Amino acid sequence: MRTAYQYRLRLTTAQQSTIDQWLELGRRQYNYRLAERFNWYEQNRCDINACPLICHLPELKDRPNFYSQKRDLVNSKKWFPEYKELPSHTLQDVIARVEKTFDRWLSGDSNGKRSGKPRFKGQGRYRSITFPDPVKPEHIDGQLIQLPKVGKLKLILHRPLPDGFKVKTATITKKVDGYYVTLSLQDSSVPVITPDVPELDNTIGVDMGLKSFLVDDSGNEIKIPQHYRKAQKNLKRLQRSLSRKKKGSNRRQKAVKRVAKAHLKVSNKRKDFHYKIAKKLLSQGKHVAHEKLNIKGIAKSRMAKSTHDAGWGQFLQILSIKAERAGLLAIAVNPNGTSQNCSGCGTKVPKELKDRIHVCPECGLTLDRDHNAAINIKYLAVGHSVNKAQITSDAIAGVTEKPALYPIG
Ligand SMILES: [Zn+2]
């Protein structure tokens, strides 16, 4: 099992400037290697065999890849000796990142999903560096962690590292309120639990709504917490204040920092809320069925803002990770018809977004709209008969995808 713990670092001024310098070097290297790949791409876009005219392409260059770019680091170090100060594997990780983002753009990830064109990173936009080598247990001693070439860093061990885990990699991230280290941990001794087959009595359905954060199939509602709204209001106020400041002024710079801190606070609060809800849901010991989110589709609709605010994508990722650890499933079902169909008899009862109550003309079932949807979602996940008419092979959209790693802490 793989997991990640994040700890705050307390760095000396000298260590801070070292990390800042490394981040900047990492950023330049990243941009340079990205440019190398873009150049290759621009020059080789036309398929030679299909070129209709006398070939006008310049001489073909070898396609830069991880290995060729890694070999070329020798030259980086020759021309810019400061690169010798970075641990070499950390520098190689920069190239691995370029490779990953470039491939994601050209050929997509394991699910064939392509991401956007990689962007060059502006000053201060390269925020983390990775130490890809395992950290030996003796190098984490109480409040200190020893990493290559920076030496011992003080960290705030707000919770102990779990027993039996090996630290596979360490990543230092610079956030607006300081430096953090994320340790990715692996424990091969934890067996993978095979979850039970989802059935009516071991599964709950949840509908993620606009009015509340979610409603489960018993009608329990989880509201978006007030303190989170408050933090958001504060953020808006700071953003307005920022927009009034003159460009390039000292006051503006300070305002930018305040806005960034407020953003971090909002996102921390949101994440904390997501963890709590995931824990609460899974504490019942049941599988959780939810709608498959079509983030791209929603982003275009008028629900975009509230999706972003509620952060359902992040919540579902957290839910699926936590579920796996508990030996449970987070099941994504196809959202077609979940809010329209009657959970009592399966009749389609068309309603608009503003209609909050589901009233069935066939069987007389009257329920809150989201509650009705939650029941339908549960039925879809377990293959219950009310929705048999629509259960097809694509009803279950699959077990929720989870990211490779998600810092927890
Ligand atoms: Zn009905």
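Residues numbered from 1 in each chain as written. Predicted model: local features only at pLDDT ≥ 70, side-chain atom pairs only at ≥ 80, totals over all residues. Heavy atoms only, no water.

Details of the overall build of the protein chain
Line of reasoning, step 1. Counting secondary structure elements, the protein chain contains ten helices and 15 strands.
Line of reasoning, step 2. For the protein chain, long-range pairs separated by at least 24 residues make up 69% of all intrachain contacts whose partners lie at least 6 apart in sequence.
Line of reasoning, step 3. Carbon together with sulfur atoms contributes 52% to the accessible area of the protein chain, which is approximately 23,500 Å² in total. (Helix = DSSP H or I, 4+ residues; strand = E, 2+ residues; numbered from the N terminus. Contact = heavy atoms within 4.5 Å. Areas by Shrake-Rupley, 256 points an atom, 1.4 Å probe, with all protein chains shown as cover.)

Some remarks on the coordination of the zinc ion
Line of reasoning, step 1. The coordination sphere of the zinc ion, as far as protein atoms go, consists of Cys-342 (SG), Cys-345 (SG), Cys-360 (SG) and Cys-363 (SG), spread over 2.2 to 2.4 Å.
Line of reasoning, step 2. In this structure, the zinc ion is surrounded by four donor atoms whose angles at the metal cover 104 to 113°, and the resulting shape is tetrahedral.
Line of reasoning, step 3. Counting along the primary sequence, the residues that act as donors to the zinc ion give the motif C-x2-C-x14-C-x2-C. Of this pair, Cys-345 sits in the loop between strand E12 (330-333) and strand E13 (357-359) while Cys-363 sits in the loop between E13 and strand E14 (366-368); the two residues are 18 residues apart in sequence, bridging distant segments of the chain. (Donors = N, O, S within 2.8 Å, 3.2 Å for Na, K, Ca; no water. Tetrahedral: all angles 85-135°; square planar, octahedral: opposite > 155°, others 65-115°.)

Quick word on the pairing of strand E6 (residues 166-175)
Line of reasoning, step 1. In this structure, strand E2 (residues 128-131) lies alongside E6, joined through four bridges in antiparallel fashion. Bridging from a neighbouring strand, Ile-129 pairs with Ile-172 of E6.
Line of reasoning, step 2. Bridge analysis of E6 against strand E7 (residues 178-186) gives nine bridges, and the strand direction is antiparallel. Note that in E7 the partner of Thr-169 across the bridge is Ser-184.
Line of reasoning, step 3. Counted between consecutive antiparallel strands, the loop separating E6 from E7 contains two residues. (Pairing = 2+ DSSP bridges.)

Comments concerning the environment of Glu-199
Line of reasoning, step 1. By the secondary structure assignment, Glu-199 is in the loop between E7 and strand E8 (203-208).
Line of reasoning, step 2. Sequence separation of Glu-199 and Tyr-379 is 180 residues, and the distance between their C-alpha atoms is 8.9 Å.

Comments concerning the sheet that holds E6
Line of reasoning, step 1. Read from one edge of the open sheet, seven strands run E2-E6-E7-E1-E5-E4-E3, paired in antiparallel fashion. The two strands at the open ends of the sheet, each matched to only one other strand, are E2 and strand E3 (140-141).

With respect to the side chain of Arg-27
Line of reasoning, step 1. Mapping Arg-27 onto the fold places it in helix H1 (residues 13-43).
Line of reasoning, step 2. Residues in contact with Arg-27, not counting those within four places in the same chain, are Lys-121, Gly-122, Gln-123, Gly-124 and Tyr-126.

Structural notes on the packing of aromatic side chains
Line of reasoning, step 1. Applying the stated criterion across every chain, the model contains 13 aromatic pairs.
Line of reasoning, step 2. Between the aromatic rings of Phe-38 and Phe-120, the centroid separation amounts to 5.7 Å while the plane-to-plane angle is 70°, which identifies the pairing as edge-to-face. Taken as a pair, Phe-38 in helix H1 and Phe-120 in the loop between helix H4 (88-106) and E2 lie far apart in primary sequence, 82 residues in all.
Line of reasoning, step 3. In this structure Phe-120 comes out as partly exposed when scored by relative accessible area, which is 47%.
Line of reasoning, step 4. Relative to Tyr-67, the ring of Phe-66 lies with its centre 5.2 Å away and its plane at 75°, an arrangement referred to as edge-to-face.
Line of reasoning, step 5. Given the relative accessible area of 16%, Phe-66 is considered buried.
Line of reasoning, step 6. Clustering of aromatic rings is evident, with ring pairs tying together Phe-38, Tyr-41, Phe-102, Trp-105 and Phe-120. (Phe/Tyr/Trp six-rings, centres within 6.5 Å; stacked < 30°, edge-to-face > 60°. Buried < 20%, exposed > 50% of the residue type's maximum accessible area, 1.4 Å probe, protein only.)

Let's talk about the pairing of strand E1 (residues 2-10)
In summary, the side chains of a regular strand alternate between the two faces of the sheet.
Line of reasoning, step 1. Across eight bridges, the pairing between E1 and E7 is antiparallel. Residue pairing across strands places Thr-3 opposite Leu-185, the latter belonging to E7.
Line of reasoning, step 2. In this sheet, strand E5 (residues 151-156) lies alongside E1 in antiparallel orientation, the contact comprising three bridges. Bridge pairing links Leu-9 to Leu-155 in E5.

Some details on a positive patch on the surface
Line of reasoning, step 1. There is a patch of like positive charges on the surface, built from Lys-236, Arg-237, Arg-240, Arg-244, Arg-251, Lys-254 and Arg-258.
Line of reasoning, step 2. Residue assignment for the positive patch shows that the elements contributing at least two residues are helix H5 (226-244) and helix H6 (250-282).
Line of reasoning, step 3. In terms of residue count, H5 provides more of the positive patch than any other element does, four residues in total.
Line of reasoning, step 4. With respect to the secondary-structure elements, Arg-240 resides in helix H5. (Patch = residues over 30% accessible without salt bridge, like charges linked within 9 Å, V, L, I, M, F, W, Y side chains within 5 Å. Salt bridge = Lys/Arg side-chain N within 4 Å of Asp/Glu carboxyl O. Lys, Arg positive; Asp, Glu negative; His and termini not counted. Charge placed at Lys NZ, Arg CZ, Asp CG, Glu CD.)

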